[in-house]
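# Structural overview
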Amino acid sequence: MREWVALPDLGVAGLRAKIDTGASTSSLHATDIEPFERDGEKWVRFTAHLGTVVQLRHRRCEAPLVTRKTIKSSNGQAQVRYVISTTLALGDRVWPVEFTLACRKSMRYRLLLGSKALIDGQLVVSPGVKYVQDKPVFPVSTSSTGVA
């Protein structure tokens, strides 16, 4: 299943997401990941890759670091990833979602929405349909987590 989503706190709109009930964790395509401290708190700075293979877009972002997590990919390899929490907008719903930051360069969709986010957002999945929801519309965030 596929849907249009936005990450308002990161200033990102019009992002196509793969809804994957087989994955528990959500993931965002990110590179140049740099942990740092701000006011005694752990943060991470990264480049979010948002477009398609044909139409590349990227945005430099910052977000508080939730944790680091070992994730086992679909091909069986384990890797340690940074985890952030940011607001996700899908249709008329908006809720916080934890994303691992990972290189999804070889993947068709730059954002994968896993089952934990689906449960937290109280979503029902119909696997035979896609792009059921309208693209989320929001004012561009002026929060400190979206960096131009």
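What counts and how
- Residues numbered from 1 in each chain as written.
- Predicted model: local features only at pLDDT ≥ 70, side-chain atom pairs only at ≥ 80, totals over all residues.
- Heavy atoms only, no water.
- Core = buried A, V, L, I, M, F, W, Y, C linked by side-chain atoms within 4.5 Å.
- Buried < 20%, exposed > 50% of the residue type's maximum accessible area, 1.4 Å probe, protein only.
- Contact = heavy atoms within 4.5 Å.
- pLDDT = per-residue confidence, 0-100.
- Phe/Tyr/Trp six-rings, centres within 6.5 Å; stacked < 30°, edge-to-face > 60°.
- Lys NZ or Arg CZ within 6 Å of the ring centre and 35° of its normal.

## Considering the nonpolar core
Within the largest apolar cluster, 28 residues are counted, with the highest numbers of intra-cluster contacts made by Leu7, Leu28, Phe46, Leu88, Leu111 and Leu113. Not counting residues up to four positions away in its chain, the partners in contact with leucine 111 are Val5, Leu7, Leu15, Arg16, Ala17, Lys18, Ser27, Leu28, Phe99 and Arg104.

## As for the confidence of the model for the protein chain
Looking at the protein chain as a whole, its pLDDT mean stands at 81, while 77% of the residues score no less than 70. Every residue in residues 139-148 is under pLDDT 50, and counting partners more than four places away or in other chains gives 25 contacts.

## Concerning the packing of aromatic side chains
Applying the stated criterion across every chain yields a total of 1 aromatic pair. Between phenylalanine 36 and tryptophan 43, the aromatic rings sit 6.3 Å apart at their centres with planes inclined by 40°, giving tilted as the arrangement. Accessibility assignment for this pair places phenylalanine 36 and tryptophan 43 in one class, buried. Sitting over the ring of tryptophan 43, arginine 38 keeps its end group 4.3 Å from the ring centre. One residue, arginine 45, lies across the ring of phenylalanine 36, its end atom 3.9 Å from the ring centre.

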